[in-house]
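# Coordinate inspection notes
Each chain, written out:
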Amino acid sequence: MDLRPTITPDRRVIEQADAVILPGVGAFGDAMETLRRLDLVGVLRDTPSRGVPLLGICLGVQLLMTESQEFRPA
């Protein structure tokens with residue numbers, strides 16, 4: 001089995017992937033803003049319902065949630 005990762009902001013590439021890894025380092029709000037600007041929120045959230053494995057790492061797993069408590073006053 002030959003696994004070659006592709007780093008892409010192209011939703012069409014993500015839609016055709018056999019599996020998706022969503023890594024991340026940084027702040028939730030900034031990352032979500034970028035995903036919205038690139039129009040990737042929907043395709044990433046729909047990935048598991050298409051039967052495609054999706055692995056979120058660190059911030060990447062937080063981005064799969066609907067909201068974050070990060071940087072909110074206690």
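Residues numbered from 1 in each chain as written. Predicted model: local features only at pLDDT ≥ 70, side-chain atom pairs only at ≥ 80, totals over all residues. Heavy atoms only, no water.

## Observations concerning the overall build of the protein chain
For the protein chain, the count of helices and strands is four helices and two strands. Along its sequence from the N terminus, the protein chain presents helices and strands in the succession α-β-α-α-β-α. By its C-alpha atoms, the protein chain is 50 × 25 × 20 Å across when sized along the principal axes. A burial count over the protein chain gives 26% of its 74 residues as buried. In the protein chain, 75% of the contacts between residues at least 6 apart in sequence involve partners at least 24 apart. Per element, the accessible surface of the protein chain, about 5,700 Å² overall, is 57% carbon and sulfur. Mean positive and mean negative side-chain charge positions of the protein chain (8 and 10 charges, respectively) differ by 2 Å. (Helix = DSSP H or I, 4+ residues; strand = E, 2+ residues; numbered from the N terminus. Buried < 20%, exposed > 50% of the residue type's maximum accessible area, 1.4 Å probe, protein only. Contact = heavy atoms within 4.5 Å. Areas by Shrake-Rupley, 256 points an atom, 1.4 Å probe, with all protein chains shown as cover. Lys, Arg positive; Asp, Glu negative; His and termini not counted. Charge placed at Lys NZ, Arg CZ, Asp CG, Glu CD.)

Any functional reading would require information beyond the geometric quantities listed.
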